[in-house]
Structures are given as C-alpha cells and as structure tokens.
Amino acid sequence: MLESYLTLKAEYEIIPMELKDCVEVALLHGERFPRVWDETEFQDLLSQETTFGFVARQTNAILKKALPGFVLARQVAGEGEILTIAVNAKLGRSGLGWRLMQAALRETRDRGGETMFLEVDGGNQPALGLYRKLGFETVGERKAYYVSDNGAKSTALVMRRVLR
C-alpha cells in the first residue's frame, strides 16, 4: 500500500482563487519572481470586481503540500490581461501552466472578453513556448522593462490572443 502511494502520480484540480489563498500565492510568487508581491497586494487585486484567479491543488496528497501553481487575471471592457502566473519550479513542463492559462482564458471569454494580453520577459523561453502554443502572438515590446536581482535589464514582450 505505501509503495503504491509513493509512486502515485500527482493529480491536480484547478479551482477559483479565494482571499484565503493569497498567503500561499504570495509565497509561490516570491519563489518565482525577483519583484515579490506580498499577500496584501494579492488580496487587494483579488478583491476587485474585474480581477479573478485560479489555483492548482493536488487532490491525491495525504499531507498538505506547497501550492503547485496559480494564475491571476482581470477583464475590463472586452480585454483580459494575465497579471501573473506561477508554477512551482519542480512542476515545470507538467501541464499545470497550460491548465491554469486555459482556465483564465475560458473565464475571460465567459465574462465577455474578446482578447487576452500578457507581458513576459523576452528571455523566459519556457513561458514563451507555452504562450505561443496557446495562440499568443507578440504585438509589442518594452525595452529594459524587467530588472533582475543583479541589476540586468531585459525586454518585456507584450503578447495578445484573440478569444472570439
């Protein structure tokens, strides 16, 4: 029995983000980005009528584990925007980012959104690959937009996907 549990493949559900999730969301965000958003920033954003998010939760874990992933987005006047998305580094290429993005795209469309925008560091190849597979196209650049911990600057790519 223990052996089968130890080899069990993790299963995840994607559920709406709630205010109580913001502590874990901020922790994961801090692990994945140099510019950390704290719990209060996530709570303030999520409290806005136009903002929504999703979290991934492991459904077959006996012990509570760190948050696997989340996405935070907003939709205003027919346009959606991914504000931030993060997946635990150990779960890269697991399909969780894809599932979180699909949930955000679906919710944006359900709220009347016709397009979805996002910004991504031009050097973040895994994220760019995901976004391109999801149908996003680069529509602009912001030179020297992101600043890393060591002070290096990189270009933000503005990407768009038509939803309708």
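Cut-offs and rules
Residues numbered from 1 in each chain as written. Predicted model: local features only at pLDDT ≥ 70, side-chain atom pairs only at ≥ 80, totals over all residues. Heavy atoms only, no water. Helix = DSSP H or I, 4+ residues; strand = E, 2+ residues; numbered from the N terminus. Rg over C-alpha atoms; globule rule 2.2 N^0.38 Å. Buried < 20%, exposed > 50% of the residue type's maximum accessible area, 1.4 Å probe, protein only. Contact = heavy atoms within 4.5 Å. Areas by Shrake-Rupley, 256 points an atom, 1.4 Å probe, with all protein chains shown as cover. Lys, Arg positive; Asp, Glu negative; His and termini not counted. Charge placed at Lys NZ, Arg CZ, Asp CG, Glu CD. Pairing = 2+ DSSP bridges. Axes fitted to C-alpha atoms, helices over the stretch in contact; angles between N-to-C directions. Parallel < 35°, antiparallel > 145°, perpendicular 65-115°, else oblique. Left-handed = near helix turned anticlockwise from the far one by under 90°. Nonpolar A, V, L, I, M, F, W, Y, C, P; charged D, E, K, R; others polar.

- The protein chain carries the name Ribosomal-protein-alanine N-acetyltransferase in an unreviewed UniProt entry, which gives Rhizobium miluonense as its organism.

1. Remarks on the overall build of the protein chain
Now for step 1: A tally of helices and strands in the protein chain yields 5 helices and 7 strands.
Now for step 2: Ordered by position from N to C terminus, the α and β elements of the protein chain give α-β-α-α-β-β-β-α-β-α-β-β.
Now for step 3: Computed over the C-alpha atoms, the radius of gyration of the protein chain is 16 Å, within 12% of the 15 Å expected from 2.2 N^0.38 for a compact globule of 164 residues.
Now for step 4: Its C-alpha atoms give the protein chain principal-axis dimensions of roughly 55 × 40 × 30 Å.
Now for step 5: Looking at the protein chain as a whole, 37% of its 164 residues are labelled buried.
Now for step 6: Contacts spanning at least 24 positions in sequence make up 61% of the contacts within the protein chain whose residues lie at least 6 apart.
Now for step 7: Accessible area of the protein chain: about 9,800 Å², with a carbon and sulfur share of 51%.
Now for step 8: For the protein chain, the distance from the average site of its 22 positive side-chain charges to the average site of its 22 negative ones is 6 Å.

2. Details of the pairing of strand β6 (residues 137–147)
Look at any regular strand and the pattern is simple: side chains alternate between the two faces of the sheet.
Now for step 1: Bridge count for β6 against strand β7 (residues 153–162) is 7 bridges, and the pairing is antiparallel. Within β7, the position partnered with Val147 by the bridge is Lys153.
Now for step 2: Here β6 folds back onto β7, and the loop between the two strands holds 5 residues, one of which, Gly151, carries a positive phi near 90°.

3. Here we look at the environment of Ala152
Now for step 1: Among the secondary structure elements, Ala152 is positioned in the loop between β6 and β7.
Now for step 2: Ignoring any residue separated from it by four or fewer positions in sequence, one finds Ala152 in contact with Tyr146 and Val147.

4. Some thoughts on the packing of helix α2 (residues 22–32) against helix α3 (residues 39–46)
Now for step 1: The geometry of α2 relative to α3 is characterised by a closest axis approach of 8 Å and an angle of 120° between their N-to-C directions. By the angle between their directions, the pair α2 and α3 is classed as oblique. Two packed elements cross with a definite hand, and for α2 against α3 that hand is right-handed. Contact with α2, carried on its side by Cys22, Val23, Val25, Ala26 and His29, involves Glu39, Phe42, Gln43 and Leu46 of α3 and no other residues of that element.
Now for step 2: Residue classes in the contact of α2 with α3 are distributed as 6 nonpolar, 2 polar and 1 charged.

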